[in-house]
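# Tertiary structure, described
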Amino acid sequence: MAEHPVTLSDRVRAYSNVFMSRLGSIVASFGIHPDSITILGLGVVAAAALLIGMGELRWGGVLLLIGLPLDAVDGAVARAIKRKGQFGQMLDSTLDRYADGLIFAALSYHFAVQDEYTLILLALAALLGSFMVSYTRARAEGVGVVVKIGYFSRLERVVFILAMLLAPEFFGLPVLEIGLWVLAIGTNFTGLQRLWYVYRALEDREG
C-alpha cells in the first residue's frame, strides 16, 4: 500500500505551484487577508446557488467557473505571508462543506420545482457522498493515516458539477442527469474506499 497516494487535486497543485506562488505574493502585496478571499469564495458560490435554484443553471455554472480560482488563491496568499496557525485551513475546509451544501441544495430546489423527485434523491446522495469523502479524510488524519485516494476528491467533483451546469444537455444527451448519477455513485464509493484504506492501514500498523 502506497504511503502517500496522490489525487488529481495534488497533481494539479504541484503543476501550478510556481504560478500560484507568484500570484499569492502579488495579492498579498495589496494587504488582502487569505480569510477574506475564502469568505469571498463562499459568497460567489452562494450567488451561483441562487441562480441555480432559479433555474439559471448555465449562468450559475459561469459564476462558479469565475470564482473557482479563489479556492486556490487563499492558500497561496497564506503561504506568501508565511501565516502561522491552522485556523485558515479549518475555515477553508468548513466553508468548502457549506459550498457543497449550497450547490446541491440549490439543485434539489430546482428539481423540486419541476417535480423531478429522482433527481432530488440523486442530488442528496451526491451531497452525502461529498461530505463522506471529506469526513473520512479528516477522521483518518485524527488516527494518523494520510488518505488521498479516490477519484472524487474536491477537484474532480467541481469539474463534474461545472460540466453538468454549463452543458445540462449536449446533443440530446442528458448530461445533468448522467453527472448526478456519476457523482452520487462515485462520491459514496470514494468515501467507502477511503474507509477501507484506513482499515487496512491501521491493520498493517497494529499487526
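Description of the structure in this document. All values reported here derive from a predicted model rather than from experimental measurement. (Residues numbered from 1 in each chain as written. Predicted model: local features only at pLDDT ≥ 70, side-chain atom pairs only at ≥ 80, totals over all residues. Heavy atoms only, no water.)

When helices and strands are tallied, the protein chain shows 9 helices and 0 strands. Mapped from its N terminus to its C terminus, the protein chain presents α and β elements in the order α-α-α-α-α-α-α-α-α. Over its C-alpha trace the protein chain gives a radius of gyration of 18 Å, about what one expects of a compact globule, namely 17 Å for 207 residues. Overall size of the protein chain, expressed as C-alpha extent along the three principal axes, is 50 × 45 × 25 Å. The 207 residues of the protein chain split such that 42% are buried. Long-range contacts, defined as pairs at least 24 residues apart, comprise 79% of the intrachain contacts of the protein chain with a sequence gap of at least 6. As displayed, the protein chain offers around 12100 Å² of accessible surface, 67% of which is attributable to carbon and sulfur atoms. Of the side chains in the protein chain, 17 bear a positive and 18 a negative charge, and the two mean positions are spaced by 10 Å. (Helix = DSSP H or I, 4+ residues; strand = E, 2+ residues; numbered from the N terminus. Rg over C-alpha atoms; globule rule 2.2 N^0.38 Å. Buried < 20%, exposed > 50% of the residue type's maximum accessible area, 1.4 Å probe, protein only. Contact = heavy atoms within 4.5 Å. Areas by Shrake-Rupley, 256 points an atom, 1.4 Å probe, with all protein chains shown as cover. Lys, Arg positive; Asp, Glu negative; His and termini not counted. Charge placed at Lys NZ, Arg CZ, Asp CG, Glu CD.)

Moving on to the packing of aromatic side chains. Inspection of the entire model under this criterion finds 3 aromatic pairs. Pairing Phe152 with Phe160 gives two aromatic rings, centres 5.6 Å apart and planes at 40 degrees, and the pair type is tilted. (Phe/Tyr/Trp six-rings, centres within 6.5 Å; stacked < 30°, edge-to-face > 60°.)

A word on the environment of Glu203. In this fold, Glu203 is placed in helix H9 (residues 175-206). When the C-alpha positions of Glu203 and Ala106 are compared, they lie 41 Å apart, and in sequence the two are 97 residues distant.

This part covers the layout of surface pockets. Each pocket or cavity is described by its volume, and for the second largest pocket that value is around 220 Å³. For the lining of the second largest pocket, the secondary-structure elements that each account for two or more residues are helix H6 (87-113) and H9. No other element matches the 3 residues that H9 contributes to the lining of the second largest pocket. Of the residues that constitute the lining of the second largest pocket, the class distribution is 7 nonpolar, 2 polar and 3 charged. (1 Å grid on protein atoms, 1.4 Å probe; cavity = no way out; pocket = protein on both sides within 12 Å on 5 of 7 lines; lining within 4 Å. Points joined across faces, edges and corners; volume = space filled by probe spheres on them. Nonpolar A, V, L, I, M, F, W, Y, C, P; charged D, E, K, R; others polar.)

For Lys82, which is not glycine, the phi torsion reads 55 degrees and is therefore positive. Position of Lys82 among the secondary structure elements: in the loop between helix H5 (70-80) and H6.

Attention now goes to the packing of helix H8 (residues 154-166) against H9. Two elements in contact, H8 and H9, have axes whose closest approach is 9 Å; the angle formed by their N-to-C orientations is 160 degrees. As far as their axial angle goes, H9 and H8 are roughly antiparallel. The chirality of how H8 crosses H9 is left-handed. Residues Arg157, Phe160, Ile161, Ala163 and Met164 of H8 lie in contact with H9, whose contacting residues are Val175, Leu176, Gly179, Leu180, Val182, Leu183 and Thr187. (Axes fitted to C-alpha atoms, helices over the stretch in contact; angles between N-to-C directions. Parallel < 35°, antiparallel > 145°, perpendicular 65-115°, else oblique. Left-handed = near helix turned anticlockwise from the far one by under 90°.)

Judged by nonpolar contacts, the single largest core of 31 residues is most densely connected at Leu64, Phe104, Leu107 and Phe111. The greatest single-element share of this core, amounting to 8 residues, is contributed by H6. In this structure, Phe104 is in contact with Ala123, Ala126, Leu127, Ser130, Ile161 and Leu183, ignoring residues within four places of it in sequence. In this structure, Ala28, Ile37, Val73 and Ala76 belong to the second largest nonpolar core, which totals 9 residues. (Core = buried A, V, L, I, M, F, W, Y, C linked by side-chain atoms within 4.5 Å.)

This part takes up helix H2 (residues 17-28). Over its 12 residues, H2 runs 16 Å from end to end, which matches the ideal 16 Å to within 8%, given 1.5 Å per residue. Buried within H2 we find Met20, Gly24, Val27 and Ala28. For H2, the buried positions fall inside an angular range of 95 degrees around the axis, keeping them on one side. Exposed residues lying more than 90 degrees from the buried face of H2 are Phe19 and Arg22. Elements that come into contact with the buried residues of H2 comprise helix H3 (34-53) and H5. (Expected span 1.5 Å × (residues − 1). Arc of directions from axis to C-beta.)

So, on to the packing of H2 against H5. Running from amino to carboxyl end, H2 crosses H5 at an angle of 75 degrees, the nearest separation of the two axes being 8 Å. With respect to H5, the axis of H2 lies roughly perpendicular. Between H2 and H5, the contacting residues are Met20, Leu23, Gly24, Ser25, Val27 and Ala28 on the first element and Ala72, Val73, Ala76, Val77 and Ala80 on the second. Across the contact of H2 with H5, the residue classes break down as 9 nonpolar, 2 polar and no charged.

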